[in-house]
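One letter stands for each residue in the lines below.
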Amino acid sequence: MGFFATMPGKGVRLPLGLGRGTNRPSRPDKKSEPPSIDAASQEPRMLKRQTPLPSKDDVHVRFAGVSKTFDGTSKIVDDLDLDIYRTEFLTLLGPSGSGKTTCLMMLAGFEPTSGGSIFINGEEVYNKPPHKRNIGMVFQNYALFPNMTVGKNLAFPLEVRGVDTTERSQRVARALDLVQLEGFEDRRPSQLSGGQQQRIAIARALVFEPDLVLMDEPLGALDRTLREEMQYEIRRIQRNVGVTMVYVTHDQQEAMVLSDRVAVFNEGRIQQVSDPETLYEQPDAPFVSEFIGENNHLPGLVSEVSDRVVSVIVGNARVKAFGVGEFRVGDASTVAIRPERVALSPEPGLYSNEFEAVVNDIVFLGDHLRISVRVIGQDDFVVKISNILGHGLVLPGDRVTIGWSALDCRALALE
Ligand SMILES: Nc1ncnc2c1ncn2[C@@H]1O[C@H](COP(=O)(O)OP(=O)(O)OP(=O)(O)O)[C@@H](O)[C@H]1O
Ligand SMILES: [Mg+2]
């Protein structure tokens, strides 16, 4: 079990009062801003864009009211509207079966739409076959030709496009250089590692210089370390080359690492499209709040609405939260609060939400501690606290106070 051991009945030194003043209240006025793609400008220098930031005025791909049904009745994709900006890294994130691959297939031209329109560079593409859409694609299973060398695999897309021999070998060399596999021309796919094969698949998707690249779970077959390495690699390449990327994954962390914006899918509908930080800090829907990171959810009824702060009766307590959307007294709501935004034993009166709780369990996770408590009728409310030693002792069964700011929790409308 190592680091991840639970310690029932054992004392664990806990940073009592650590939450004091460490919470970072969100600004209520920030919420109504449109999705921002400025996060990319905050990156570490190595990953900084060498291409201009995507502009909302330069729409590369547009889904307009797109729907898809395979059987004529159930809609796999339902009235999808989405603009993807030129040179943007946009990720479709959602659970299995939510329609992500279907969207890529329609964009690539391998599946017809059942309704609505897809535009690429302003042109409606319904009747345009895949090979005329000039899109590079990478799938989960590398799909390299096993009987051809790496060089031949890379030259193939150029050959079918009628590029001459000299130009072909130059472009193949450039593509290999881009994925840092110079000198691998004569190997066969079976002589490469999984990560190398995936690099070649990426090089092959880029070798004919498309301006739009689609990737469907390209790292799904790789182990965790290699996957993380390849995430940075993909991002570096996408920034360097300046292509528009539409990327599919069901791994939320991968989506956060890679993307300018993430579109969260559920049952064929987009729940929210935002930059990663907004998605985490300001989820608009219960599905997003549950799907992205960890959240405590407190169900209740709205008892008071004042400007943007909403009071919700949870059990027999009153929780104050930032209201997302319009609420009226009596509406059902679920209040979402991140475990790391809850303070243990805060200074009395510091937060507008302060409740007595009983400690159930404490889990030591190395850099932080996860404390499960019973509070206002909830059996498994989670508080996450950084592991800074020397602050006192909490044991299962102890009574404690927990507190959080109204602006750090969000009252979401129940669908
Ligand atoms: N050719 C097809 N015929 C009938 N149903 C299909 C077809 N392709 C996909 N579906 C159905 O459409 C739904 C969405 O599938 P899709 O492959 O787009 O999901 P996904 O979000 O990519 O999931 P995953 O993360 O598992 O890859 C699923 O219920 C699937 O069974
Ligand atoms: Mg899929």
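Use the structure listed above.
Quick notes on the rules
- Residues numbered from 1 in each chain as written.
- Chains lettered and ligands numbered in written order.
- Predicted model: local features only at pLDDT ≥ 70, side-chain atom pairs only at ≥ 80, totals over all residues.
- Pairing = 2+ DSSP bridges.
- Helix = DSSP H or I, 4+ residues; strand = E, 2+ residues; numbered from the N terminus.
- Axes fitted to C-alpha atoms, helices over the stretch in contact; angles between N-to-C directions.
- Parallel < 35°, antiparallel > 145°, perpendicular 65-115°, else oblique.
- Left-handed = near helix turned anticlockwise from the far one by under 90°.
- Contact = placed C-beta atoms within 7 Å.
- Nonpolar A, V, L, I, M, F, W, Y, C, P; charged D, E, K, R; others polar.
- Near = placed C-beta within 6 Å.
- Core = buried A, V, L, I, M, F, W, Y, C linked by C-beta atoms within 7 Å.
- Buried ≥ 20, exposed ≤ 12 C-beta atoms within 10 Å, placed from the backbone.

In this section: the sheet that holds strand S4 (residues 89-93). Judged by pairing direction, the sheet is mixed, and its six strands sit side by side in the order S7-S8-S9-S4-S10-S11 without closing on themselves. Among the strands making up the open sheet, the edge pair consists of strand S7 (135-138) and strand S11 (269-274). Strand after strand, the sheet turns through a mean of 15° between neighbouring axes, direction not considered. In this sheet, S11 lies alongside strand S10 (residues 261-266) in antiparallel orientation, the contact comprising five bridges.

Our next topic: the packing of helix H2 (residues 150-160) against helix H3 (residues 165-178). Helix packing geometry: the angle between the two helix axes and the distance between the axes. For the pair H2 and H3, the least separation of the axes is 9 Å and the interaxial angle reads 125°. By the angle between their axes, H2 is oblique relative to H3. Pair H2 / H3 crosses with right-handed handedness. Between H2, through Gly151, Leu154, Ala155, Leu158 and Glu159, and H3, the contact on the second element is made entirely by Arg168, Arg171, Val172 and Ala175. Of the residues assigned to the contact of H2 with H3, the class counts are five nonpolar, one polar and three charged.

Let us look at the sheet that holds strand S14 (residues 317-323). Spatial strand order, S12-S13-S14-S22-S15: five strands in a closed barrel with mixed pairing. Across the sheet, the mean angle separating the axes of adjacent strands is 55° when strand polarity is ignored. Relative to strand S22 (residues 409-413), S14 is paired through two bridges, and the arrangement is parallel. Of the residues in S22, the one forming a bridge with glycine 323 is alanine 411.

Our focus in this paragraph is the pairing of strand S2 (residues 59-69). As paired strands, S2 and strand S3 (residues 75-85) are joined by seven bridges and run antiparallel to one another. Following the sheet pairing, lysine 68 is matched in S3 by valine 77. Hairpin connection between S2 and S3: a loop of five residues separates the two successive antiparallel strands, and glycine 72 in this loop has a positive phi of roughly 85°. Note: S2 against strand S5 (residues 115-120), five bridges, orientation antiparallel. Within S5, the position partnered with valine 61 by the bridge is isoleucine 120.

Let us now look at the site of ligand 1. Taken together, Phe70, Ile76, Gly94, Ser96, Gly97, Ser98, Gly99, Lys100, Thr101, Thr102 and His250 make up the full set of residues adjacent to ligand 1. Among the elements that make up the shell around ligand 1, the one with the highest residue count is helix H1 (residues 100-108) (three residues). Per-class residue counts for the shell around ligand 1 are two nonpolar, eight polar and one charged.

Right, let's talk about the nonpolar core for a bit. Residues Ala203, Val246, Ala263 and Val264 are the most contacted members of the largest nonpolar core, which totals 61 residues. No other element matches helix H4 (residues 194-206), which puts six residues into this core. Counting residues in hydrophobic clusters, the runner-up holds 37 residues, among them Phe322, Phe327, Phe355 and Val394.

Phi angles above zero are rare outside glycine, and threonine 87 is one such case at about 70°. For threonine 87, the location among the structural elements is in the loop between S3 and S4. Judged by C-beta crowding, with 21 C-beta atoms within 10 Å, threonine 87 ranks as buried. Positive phi outside glycine occurs at glutamate 267, with the angle close to 45°. Turning to its location among the elements, glutamate 267 is positioned in the loop between S10 and S11. According to the C-beta neighbour criterion, glutamate 267 is partly exposed, with 16 such atoms within 10 Å.

Next up on the list: the packing of H4 against helix H5 (residues 224-241). Following both chains from N to C, one finds H4 and H5 inclined at 20°, their axes separated by 11 Å at the closest point. Judged by the angle between their axes, H4 and H5 are roughly parallel. Helix-helix and strand crossings are classified by hand; for H4 and H5 the assignment is right-handed. Across from Gly194, Gly195, Gln198, Ile202 and Leu206 in H4, the residues of H5 making contact are Leu226, Met230, Ile234, Ile237 and Val241.

Let's shift gears to the environment of valine 342. Positionally, valine 342 belongs in the loop between strand S15 (332-337) and strand S16 (343-344). With 29 C-beta atoms packed within 10 Å, valine 342 lands in the buried category. When the C-alpha positions of valine 342 and glycine 403 are compared, they lie 5.8 Å apart, and in sequence the two are 61 residues distant.

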